[in-house]
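This is what each chain is made of:
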Amino acid sequence: TTVSVDAVFTMTFNEVVTAQTGDIRIRRYSDDALFETIPVGSVGGSGTNTITFDPTFTFFGETGYYVDIDATAFDDLAGNSYAGIANKTIWNFVTQDVTAPWVTARNPLDNAVDVGVNVNLVLTFNESVVPVTGDIRIRRSSDNVIFETIAVTDGARVSGGGTNTIAINPDGTLDGQTSYYVEIDATGFDDLNGNSYPGIANNWEWNFVTADVDGPVVTNYNPADGAIVVGINADLVLTFDESVTVQTDSIYIKRTSDDSTFEAIPVTDGLRVSGGGTNTITIDPSGTFAGETGYYVLMDATALDDLAGNSYAGISGKTTWDFVTED
């Protein structure tokens, strides 16, 4: 086993032999297919007790072969013929592994979306591999900035050496809704015969986008926080950084002077709360505001979610969104 794919063959006899006529054949063990025919006239060592022959072609790696030899191929000096080899069990061998390992599966998949921000990265190879030297790099796709560099020999973050499955566990937490790609040095992993995995040196072979894990954020209040001279029939409008949907509980409009409730509006009240499924929520109170009066808005943290199910934090303080009406 583990015979070189460029092996030179040697036959040592108990006496001097000379090449006569016929052929040496090398066949594939699995199906008896002929790999190469070598005329005995081309061998080396005729007239000695050591015959050598060097196949023209290179063997396939990890493949079984056997040799057969015509009974007319070699005679001793008295003219007695070597019996030859007429079956596959007398001289057979298996070549060494010369093929680099390759990846059969990745988790997350290449081009995957909605990947968890705490995901482990897993490579499944066609054979067992061991970490050797070099790094794994996780980069942000938008600007190629490195998120984390992980030495392949870091046993706390890279596991599975000696098997066909390598798990990579980053220390950091990935950002939500962000595209990343993975690079791996060509010196990173070898199979058990020393053949190196070629690694990943580009930004397209293994990339993915993380899930939305961040709650929606208000980008604009109308009327603006701290506004004065607000119309007594004004609608209240929240603009978010992403689409939101109404869920449960209420919005409260309170008087600044004494914290009394001017109006409590269930978020599911479609007459007074509109815009669910968009990034703009409009609140239309039933009542009319009093003039020259301060108000503020509170909202339960269960009121609105983005499309990924992340909840808006709500409004719990009287200074987040307050305003004074017109005279």
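Above this text you will find the structure in question.
Predicted model, so just to flag it, every value in this text is computed and none were measured.

The next point concerns the overall build of the protein chain. What the protein chain contains, in helices and strands, is 0 helices and 27 strands. Against the compact-globule benchmark of 20 Å for 327 residues, the protein chain has a radius of gyration of 38 Å, which places it well outside the compact range. Dimensions along the principal axes, computed over C-alpha positions, put the protein chain at roughly 130 × 35 × 25 Å. Each of the 327 residues in the protein chain was classed as buried or not, and the buried ones make up 40%. Residue pairs at least 24 apart in sequence account for 67% of intrachain contacts in the protein chain once pairs closer than 6 positions are excluded. Surface exposure of the protein chain reaches about 15700 Å², of which carbon and sulfur atoms provide 48%. The averaged location of the 46 negative side-chain charges in the protein chain is 1 Å from the averaged location of its 13 positive side-chain charges.

Let's shift gears to the environment of Thr-124. Along the polypeptide, Thr-124 turns up in strand S10 (residues 121-131). Apart from residues lying up to four places away in sequence, Thr-124 is in contact with Trp-102, Val-103, Thr-104, Ala-105, Asn-164 and Thr-165.

Among the structural elements, Thr-293 can be located in the loop between strand S24 (278-283) and strand S25 (294-299). Among the residues examined, Thr-293 registers a relative accessible area of 17% and is labelled buried. Polar contacts involving the side chain of Thr-293 include one to the main-chain carbonyl oxygen of Gly-291, which spans 2.8 Å. What Thr-293 contacts, discounting residues up to four positions off in sequence, is Phe-323, Val-324 and Thr-325.

The rules behind these values
Residues numbered from 1 in each chain as written. Predicted model: local features only at pLDDT ≥ 70, side-chain atom pairs only at ≥ 80, totals over all residues. Heavy atoms only, no water. Helix = DSSP H or I, 4+ residues; strand = E, 2+ residues; numbered from the N terminus. Rg over C-alpha atoms; globule rule 2.2 N^0.38 Å. Buried < 20%, exposed > 50% of the residue type's maximum accessible area, 1.4 Å probe, protein only. Contact = heavy atoms within 4.5 Å. Areas by Shrake-Rupley, 256 points an atom, 1.4 Å probe, with all protein chains shown as cover. Lys, Arg positive; Asp, Glu negative; His and termini not counted. Charge placed at Lys NZ, Arg CZ, Asp CG, Glu CD. Polar contact = N/O pair within 3.5 Å; in protein donor to acceptor, adjacent residues only side chain to side chain.

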